[in-house]
Amino acid sequence: KDTDLKEFLKVYASLIEDYYEDVDKKAMLEKAIEAMFNYLGEDYSTYMSQEETNSLADQLKGEYKGLGIQLNRSTKAIEGFVEGGDAKESGLMIGDIIIKVDDKEINSTDEINEIVEKTKEGTKLNITVNRNEEILSFDVENKKILIPAIAFVLMENNIGYLKMEQFSNTLSEQVEFALKDMEQNGMKSLIIDLRDNTGGYLKEAKEVASMFLEKGKTIYSLEEKNENTVFKDETNEKRDYKIVIVMNESSASASEVLIAALKESYGAITVGKRSYGKGKVQQTRNLEDGSMVKYTSAKWLTPNGECIDGFGIKPDYEVEKEINSSFDEQLDKALELAEVK
């Protein structure tokens, strides 16, 4: 019933039928979709090709299925193990040369990857290796392995340090493990480093914030075209130790959601430089050919009801970090503020 769309389809049909050369319909429609997003004139709303879509999905998935083995492509020898995989605990050793997987002769590492990919998660694979001319077999589970999205360490004075690289699909799972590990070892305060973290999944920012906030505290709200929705912590989990957040100009999107939630609803102290200022939320829609469109559907607001789009979040302590310097002024200030007297 949309007359404008009917006109578009008439033009499309005319070009397919009457243009003097053959027309690549798929390529032309891709350009038409791109043109719609160009019309919007907004950086965050865009068309993504199949290759770009797959790359983004892999980047944010945060996990993969595997044995946890690093192999030399030419010799098929084990060069190392991946943390979280089953291979490290199975009895396999560095230097073992894989010759069979489930009685199938192996000629290349690609063949191993194909077998792993086709095998269901949780299945045990029998790996036969040559170890110094001795033939040995080991059962190794094909299991979910998390791609590291964090780094953490318990520092002097029982100050925990947690660096979040990206809000991937498994970030909250990894953060929960890190917090419990450091807490069991006597952590009294925590530094969260969100520098250069450009964001990812909003749901992961919500999950991580919920680990700290008291039930009922606001995490963020969404201002959509026809309604506003407030998202609050619905969990019974909470923490009460001092938190210091380190941020910079590249802390963006989901990072800013977490910064604002912990700053305004928890009382966290912020150190560094003003954040990027991305206060919009995108939805995605996958197309039949594997490509994707990503478009802004709402603004998000901090717990205090502020929109930070284009402005960012100002830190409580503005500290510059010298480029190419081995000394980290921002982290040094965070350590000073995190110390429990």
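Refer to the structure printed above.
The model shown is predicted, which means the values in this text are computed figures rather than measured ones.

Enquirer: Residues and numbers for the overall build of the protein, please.
Expert: Secondary structure summary: the protein contains nine helices and 19 strands in total. Against the compact-globule benchmark of 20 Å for 341 residues, the protein has a radius of gyration of 25 Å, which places it well outside the compact range. The proportion of buried residues among the 341 residues of the protein is 42%. For the protein, the share of sequence-separated contacts (at least 6 apart) that also reach a separation of at least 24 residues comes to 65%. Per element, the accessible surface of the protein, about 19,500 Å² overall, is 47% carbon and sulfur. With 44 positive and 67 negative side-chain charges, the protein shows a separation of 4 Å between the mean positions of the two kinds.

Enquirer: Quick rundown of helix α9 (residues 329–338)? Include the residues and the values.
Expert: Those residues of α9 lying buried are Glu 329, Gln 330, Leu 331, Ala 334, Leu 337 and Ala 338. The inward-facing, buried residues of α9 contact β11 (159–164), β12 (189–193), β15 (242–247), β16 (269–272) and β19 (317–318). Backbone nitrogen of Gln 330 and a side-chain oxygen of the N-cap are separated by 3.2 Å at the start of α9; the cap is Asp 328.

Enquirer: Could you give me a rundown of the side chain of Ser 255, with the residues and numbers involved?
Expert: Summarising the element assignment, Ser 255 is placed in helix α8 (residues 254–265). Residue classification places Ser 255 among the buried positions, given a relative accessible area of 0%. At a separation of 2.9 Å, a polar atom in the side chain of Ser 255 contacts the main-chain carbonyl oxygen of Asn 197. Other than its neighbours up to four places away in sequence, Ser 255 contacts Phe 167, Leu 194, Asn 197 and Gly 199.

Enquirer: Help me get a handle on the sheet that holds strand β8 (residues 134–141), residues and values and all.
Expert: The strand order across the open sheet formed by four strands is β6-β5-β7-β8, and the pairing between neighbours is antiparallel. Lying at the two open borders of the sheet, with one neighbouring strand each, are β6 (104–105) and β8.

Enquirer: Residues and numbers for the environment of Glu 224, please.
Expert: When you line up the elements, Glu 224 lands in the loop between β13 (218–223) and β14 (228–232). Taking the C-alpha atoms as reference, Glu 224 lies 6.6 Å from Lys 299; in sequence the two are 75 residues apart. When residues no more than four places from it in sequence are discounted, the contact partners of Glu 224 are Thr 229, Ser 297 and Ala 298.

Enquirer: Report on the packing of aromatic side chains, specifying residues and quantitative values.
Expert: As enumerated under the stated definition, the model contains four aromatic pairs in all. Arranged with centres 6.2 Å apart and planes meeting at 80°, the rings of Phe 212 and Tyr 266 form a pair that is edge-to-face. Remark: Tyr 266 occurs in the loop between α8 and β16 and Phe 212 occurs in helix α7 (residues 202–212); sequence separation between them is 54 residues. By relative accessible area, Phe 212 is classed as buried at 1%. Their ring planes at 20° and their centres at 4.8 Å tell us that Tyr 220 and Phe 231 sit as a pair that is stacked. Pair noted here: Tyr 220 is in strand β13 and Phe 231 is in strand β14, with a separation of eleven residues, a long-range link. The class for Tyr 220 is buried, based on a relative accessible area of 4%. According to the relative accessible area criterion, Phe 231 is partly exposed, its value standing at 24%. The ring centre of Tyr 201 lies 5.6 Å from the NZ or CZ of Lys 203, which sits over that ring.

Enquirer: Lay out the packing of helix α6 (residues 171–184) against α7 in plain terms, naming residues and giving numbers.
Expert: Their axes nearest at 8 Å, the elements α6 and α7 cross at an angle of 25°. Classified by the interaxial angle, the pair formed by α6 and α7 is roughly parallel. Between α6 and α7 the crossing geometry is right-handed. Contact residues: Leu 171, Ser 172, Val 175, Glu 176 and Leu 179 in α6; Glu 204, Glu 207, Val 208, Met 211 and Phe 212 in α7.

Enquirer: If you had to explain a nonpolar patch on the surface to someone new, which residues and values would you point to?
Expert: A cluster of nonpolar side chains, contributed by Leu 5, Phe 8, Leu 9 and Leu 29, occupies part of the molecular surface with about 350 Å² of accessible area. When residues of the nonpolar patch are assigned to their parent elements, the largest contribution, three residues, is made by helix α1 (residues 3–18). For Leu 5, the position within the fold is in helix α1.

Enquirer: Got a sec to walk through the pattern of salt bridges? Specific residues and values, please.
Expert: Scanning all chains against the criterion turns up 22 salt bridges. Among the salt bridges present, the one from Lys 10 reaches Glu 7, with a minimum N-O distance of 3.6 Å. Of the two residues, Lys 10 and Glu 7 are both situated in helix α1; the distance of three residues between them amounts to about one turn of the helix. Salt-bridge contacts for Glu 34 lead to Lys 31; the nearest nitrogen and oxygen are separated by 3.8 Å. Of this pair, Glu 34 and Lys 31 are both found in helix α2 (residues 25–40), three residues apart, which corresponds to roughly one turn of the helix.

About the criteria used
- Residues numbered from 1 in each chain as written.
- Predicted model: local features only at pLDDT ≥ 70, side-chain atom pairs only at ≥ 80, totals over all residues.
- Heavy atoms only, no water.
- Helix = DSSP H or I, 4+ residues; strand = E, 2+ residues; numbered from the N terminus.
- Rg over C-alpha atoms; globule rule 2.2 N^0.38 Å.
- Buried < 20%, exposed > 50% of the residue type's maximum accessible area, 1.4 Å probe, protein only.
- Contact = heavy atoms within 4.5 Å.
- Areas by Shrake-Rupley, 256 points an atom, 1.4 Å probe, with all protein chains shown as cover.
- Lys, Arg positive; Asp, Glu negative; His and termini not counted.
- Charge placed at Lys NZ, Arg CZ, Asp CG, Glu CD.
- Polar contact = N/O pair within 3.5 Å; in protein donor to acceptor, adjacent residues only side chain to side chain.
- Pairing = 2+ DSSP bridges.
- Phe/Tyr/Trp six-rings, centres within 6.5 Å; stacked < 30°, edge-to-face > 60°.
- Lys NZ or Arg CZ within 6 Å of the ring centre and 35° of its normal.
- Axes fitted to C-alpha atoms, helices over the stretch in contact; angles between N-to-C directions.
- Parallel < 35°, antiparallel > 145°, perpendicular 65-115°, else oblique.
- Left-handed = near helix turned anticlockwise from the far one by under 90°.
- Patch = residues over 30% accessible without salt bridge, like charges linked within 9 Å, V, L, I, M, F, W, Y side chains within 5 Å.
- Salt bridge = Lys/Arg side-chain N within 4 Å of Asp/Glu carboxyl O.

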